[in-house]
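Descriptive analysis of the structure
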Amino acid sequence: MKRAYELYVDDMGNRRAVPLGFSIAGFGLSWAWVLMQRLWVEGAVLGVVNVVLAGVLYANRVPWGFYAGLQVVLGMVVGASARALRELAAERRGLAYSCTVHARDAATAIAM
């Protein structure tokens, strides 16, 4: 099955393929996934938001189900924003948008 990838290229010709669409890893790991993308400020902000909201829920003696719901919502926001976050990471590394291709995987997209 083919998937759409945006290709980013730097001045030396190095390429990076950014998959389009929802990220399951971003959904499951939320702020930790953002940190793995080397987006330090955004990851720290999401981590702080997570801790503050968890503290507010704990201080108000809210059942743990609300905390689980909060994690699902936060994961959905990060998963849905994955393309934009990867795009931001690529641009911060000096890569410029080149084109969008359809390929089976990132390696095939880069080879095109």
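Source: prediction; values computed, not measured. (Residues numbered from 1 in each chain as written. Predicted model: local features only at pLDDT ≥ 70, side-chain atom pairs only at ≥ 80, totals over all residues. Heavy atoms only, no water.)

1. A look at a nonpolar patch on the surface
The cut-off we apply is this: To count toward a patch, a residue needs a relative accessible area above 30% and no salt bridge. Like charges then connect within 9 Å, nonpolar side chains (Val, Leu, Ile, Met, Phe, Trp, Tyr) within 5 Å. Shrake-Rupley sampling with a 1.4 Å probe provides the accessible areas, and residues are treated as covered by the protein chains on show and by no other component. Here a salt bridge means any side-chain nitrogen of Lys or Arg lying within 4 Å of a carboxyl oxygen belonging to Asp or Glu. Put simply, DSSP marks the helices as runs of H or I at least four residues long and the strands as runs of E at least two long, and each gets a number from the N terminus on.
Together, F22, I24, F27, V72 and M76 make up an exposed nonpolar region whose accessible area comes to about 470 Å². Listed by contribution, the elements that provide at least two residues to the nonpolar patch are α1 (24–29) and α4 (64–80). Considering the arrangement of structural elements, one finds I24 in helix α1.

2. Brief notes about the side chain of D10
Which entries qualify depends on this criterion: Any pair of N or O atoms that falls within 3.5 Å is considered a polar contact. Within protein, one atom must be able to donate a hydrogen and the other to accept it, and sequence-neighbouring residues count only if both atoms are side-chain atoms. Any pair of residues with heavy atoms lying within 4.5 Å of one another is described as a contacting pair.
Mapped onto the elements, D10 comes out in the loop between β1 (3–9) and β2 (15–19). Here N14 takes part through its backbone nitrogen, which lies 2.8 Å from a polar atom of the side chain of D10. Once you skip the residues sitting within four places of it in the chain, D10 turns out to touch G94 and L95.

3. Side note on the confidence of the model for the chain
The test is simple: Looking at any residue, its pLDDT shows the predictor's confidence there, from 0 to 100.
For the chain, the mean per-residue pLDDT works out to 88, and 100% of the residues sit at or above 70. The spread of mean pLDDT over the elements of the chain runs between helix α5 (residues 82–92), the lowest at 87, and β1, the highest at 91.

4. Notes on the sheet that holds β1
Stated precisely, the cut-off is as follows: Being paired, for any two strands, means DSSP has found at least two bridges between them. A fitted line through C-alpha atoms represents every axis, and for helices the fit uses only the stretch in contact; the resulting angles, taken between N-to-C directions, go from 0 to 180 degrees.
Ordered in space as β2-β1-β3, the 3 strands form an open sheet in which the pairing is antiparallel. Unpaired on one side and paired on the other, β2 and β3 (96–103) mark the two borders of the sheet. Direction aside, neighbouring strands of the sheet carry axes that sit 30 degrees apart on average. Sheet topology note: the β1/β2 ladder contains 5 bridges and is antiparallel. Looking at the pairing, E6 lines up with V18 of β2. α5 contacts β1 and β2 of the sheet and is inclined by roughly 165 degrees relative to β2.

5. A short note on α5
Note the cut-off: Burial here depends on accessible area, computed with a 1.4 Å probe over protein chains only, as a share of the maximum for the residue type. Under 20% is buried, over 50% is exposed, and the range in between is partly exposed. Each direction from the helix axis to a C-beta atom contributes to the arc, which is the arc of those directions.
Taken together, the buried positions of α5 are A82, L85, R86, A89 and A90. Projected onto a plane normal to the axis of α5, the buried residues spread over an arc of 140 degrees and lie on a single side. Check the buried side of α5 and you find it contacts β1, β2, α2 (31–36) and α4. Positive backbone phi, approximately 90 degrees, marks G94, located one or two places after α5.

6. What about the packing of aromatic side chains?
To describe a pair of aromatic rings, one takes the distance between the centres and the angle between the planes. Using the following cut-off: Side-chain rings of Phe, Tyr and Trp (the six-membered ring for Trp) are treated as a pair once their centres are within 6.5 Å; stacked means planes under 30 degrees apart, edge-to-face means over 60, and tilted covers the remaining angles.
Per the counting criterion, the structure on display carries 2 aromatic pairs. A ring pair is formed by Y8 and Y97, whose centres lie 5.8 Å apart and whose planes are at 70 degrees; its orientation type is edge-to-face. Here the residue Y8 occupies a position in strand β1, and Y97 occupies one in strand β3, the gap between them amounting to 89 residues. According to the relative accessible area criterion, Y8 is buried, its value standing at 1%. Note on F22 and F27: the rings are 6.1 Å apart at their centroids and 45 degrees apart in plane angle, and the pair reads as tilted. Take F22: its relative accessible area is 40%, and that puts it in the partly exposed class. Using a relative accessible area of 32% as the deciding quantity, one classes F27 as partly exposed.

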